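Below are the chains, spelled out letter by letter.
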Amino acid sequence: MRVALAVAQALLLVASLAGCGGGGGAPTAPPTPAPTPTPGPLYTEVAPLRDAAASAGRLVGAAVFSSRLGSDASYTGAAGRHFNYLTAEYEMKWDPIQRVQGQYDFSGGDAIVAFAESRGMRVKGHALVWHGATPRWVESLSPPELRIAFEDHIRTVAGHYRRRVMAWDVVNEAIDDSQAGLRSTVFSRGLGPDYVAEAFRLARKADPDAELIYNDYGGEGLNRKSNDFYNLVKDLRQRGLVDGVGLQMHISATSFPAVADIAANINRLADLGLQVNLSEMDVRVRDVSGDAAAKLQRQRQVYRDVVAACVAQPRCEAVTFWGFTDAHSWVDAAFGADDPLLLDEQYRAKPAFFGVEDALLGR
């Protein structure tokens, strides 16, 4: 027993010496924590992004929710300080406006428009026709009933906001992802493929002064879908129906179209005489390799390069981000937790903010 105790004590002594660098052994180094990015300045401590946009002759916008404007001081303050162009992220779509057939509720959209008007900001309506936010009752309509509802909705909503919005996303995401042509929706099935053109005709009559836009994702660079996008708006343009296009730009920092292809696509759309918008931009970084600082620097570069492609084309009139703070983004629910926007969850400016600023200022 005494021998065992002596051996145990000796082992403890050796371990103790090793732990303090004695006994000829190297100390065990604690793990090195990943560097934490230095917090950026609060949104009030940086120059308004709208000033940089004005110097470039561009609009800089964000999608917002009316429920947060006024109720959240940081959200309200950041939106009012940094942007001159607002889009309703949800409140001006068909479902929230007319969830019950024949009962219109404009309160959410009206609140956003009033907020913008009180601060000298412009508004883009989003979106008159989109299969993704259509009330359930629409699905049950016969083709003749659908046409009546379709026409009534566009006339009523565009008419309600006449002269109060600068532009409308008239039709949203009509092109199929996997094959040529339009996607199958309640509208294409019930009204036929010319429903897109008809929506633009109705919107033009309801608000002749608004810029009418076709908006979609997945066609930001040069590919099959962007060719379908181009052919659709070329036909609408030749018929005098469309004024602009929205390239959504929901992208990942690890896989997105080459910037040269984005620029080429912007230029060919502009050559049709169309105004171009980067309309819903966010940049996901969860799959970027490296530590948090590396992810944020990569995000900054992507934002800078893509926005610079817009600034280089005179007819690329606006860049809108789909939200502006990581505290509130659709990306988390759709793709998993991420940090895709310009301000962090504490409303501090991220490197991405300064990447956009650099692009707008030509740096």
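Residues numbered from 1 in each chain as written. Predicted model: local features only at pLDDT ≥ 70, side-chain atom pairs only at ≥ 80, totals over all residues. Heavy atoms only, no water.

Here we take up the overall build of the protein. In terms of regular secondary structure, the protein is built from 14 helices and nine strands. Residue burial in the protein is summarised as follows: out of 363 residues, 53% are buried. Pairs at least 24 residues apart make up 78% of the contacts formed inside the protein by residues separated by at least 6 positions. A total accessible area of about 15700 Å² is found for the protein, and carbon and sulfur atoms account for 53% of it. (Helix = DSSP H or I, 4+ residues; strand = E, 2+ residues; numbered from the N terminus. Buried < 20%, exposed > 50% of the residue type's maximum accessible area, 1.4 Å probe, protein only. Contact = heavy atoms within 4.5 Å. Areas by Shrake-Rupley, 256 points an atom, 1.4 Å probe, with all protein chains shown as cover.)

Time to look at the packing of helix α10 (residues 224-238) against helix α11 (residues 259-270). Put simply, α10 and α11 touch, their axes get as near as 11 Å, and they point 10 degrees apart. When the interaxial angle is binned, α10 and α11 end up roughly parallel. Classified by chirality, the crossing of α11 by α10 is right-handed. The residues of α11 that touch α10, namely those facing Ser 226, Asn 227, Phe 229, Tyr 230 and Val 233, are Asn 265, Arg 268 and Leu 269. Residue classes in the contact of α10 with α11 are distributed as four nonpolar, three polar and one charged. (Axes fitted to C-alpha atoms, helices over the stretch in contact; angles between N-to-C directions. Parallel < 35°, antiparallel > 145°, perpendicular 65-115°, else oblique. Left-handed = near helix turned anticlockwise from the far one by under 90°. Nonpolar A, V, L, I, M, F, W, Y, C, P; charged D, E, K, R; others polar.)

For His 82, the location among the structural elements is in helix α3 (residues 73-82). The exposure class assigned to His 82 is buried, which follows from its relative accessible area of 1%. Excluding anything up to four places from it in sequence, His 82 contacts Tyr 43, Val 46, Ala 47, Pro 48, Leu 49, Arg 50, Val 60 and Phe 353.

Helix length check: helix α7 (residues 143-160) (18 residues) gives 25 Å between terminal C-alpha atoms against 26 Å at 1.5 Å per residue, within 8%. The complete set of buried residues in α7 reads Leu 146, Ala 149, Phe 150, Glu 151, His 153, Ile 154, Val 157 and Ala 158. Packing partners of the buried residues in α7 comprise α4 (94-97), β3 (122-129), α6 (136-139), β4 (167-172), α8 (186-191) and α9 (195-206). (Expected span 1.5 Å × (residues − 1).)

Mean pLDDT over the protein stands at 92; residues scoring 70 or higher make up 90%. Confidence over residues 1-28 falls short of pLDDT 50; this stretch has four contacts with residues more than four positions distant or in other chains. (pLDDT = per-residue confidence, 0-100.)

On to the nonpolar core, then. Formed by 103 residues in total, the largest nonpolar core has its most connected members in Trp 168, Val 171, Phe 200, Phe 321 and Phe 324. Setting aside residues up to four positions removed in sequence, Val 171 forms contacts with Val 129, Tyr 195, Val 196, Ala 199, Phe 200, Ile 213, Tyr 214 and Asn 215. (Core = buried A, V, L, I, M, F, W, Y, C linked by side-chain atoms within 4.5 Å.)

What follows concerns helix α5 (residues 107-118). In this model α5 runs 16 Å from its N-terminal to its C-terminal C-alpha over 12 residues, within 8% of the 16 Å that 1.5 Å per residue would give. Restricting attention to buried positions, one finds in α5 the residues Gly 108, Gly 109, Ile 112, Val 113, Phe 115 and Ala 116. Along α5, the residues classed as buried sweep out an arc of 160 degrees about the axis, all on the same side. Along its buried surface, α5 packs onto β1 (59-64), α3, β2 (85-88) and β3. Among the residues trailing α5, Gly 120 stands out with phi positive, at a value near 65 degrees. (Arc of directions from axis to C-beta.)

Further remarks concern the state of the cysteines. Applying the stated criterion across every chain yields a total of one disulfide. At a sulfur-sulfur separation of 2.2 Å, the disulfide partner of Cys 310 is Cys 316. On the sign convention where negative means left-handed, the S-S torsion of about -105 degrees between Cys 310 and Cys 316 marks this disulfide as left-handed. Residue Cys 310 shares its accessibility class with Cys 316, and that shared class is buried. (Disulfide = S-S within 2.5 Å.)

Quick look at the pairing of β1 now. For a regular strand, the rule is simple: side chains alternate between the two faces of the sheet. Of all the six residues making up β1, six are buried; the element is thus mostly covered by neighbouring parts of the structure. Burial of the side chains of β1 extends over both faces: Leu 59, Gly 61 and Ala 63 are buried on one face and Val 60, Ala 62 and Val 64 on the other. Alignment of β1 against strand β9 (residues 316-321), held across four bridges, turns out to be parallel. Each residue of the ladder has a partner; that of Val 60, found in β9, is Val 319. Looking at chain direction, β1 and β2 are connected through four bridges and run parallel. From the neighbouring strand, Ala 63 faces β2, where its bridge partner is Thr 87. With α3 bridging β1 and its parallel neighbour β2, the resulting β-α-β unit is right-handed. (Pairing = 2+ DSSP bridges. Right-handed = clockwise from strand over helix to strand, strands pointing away.)

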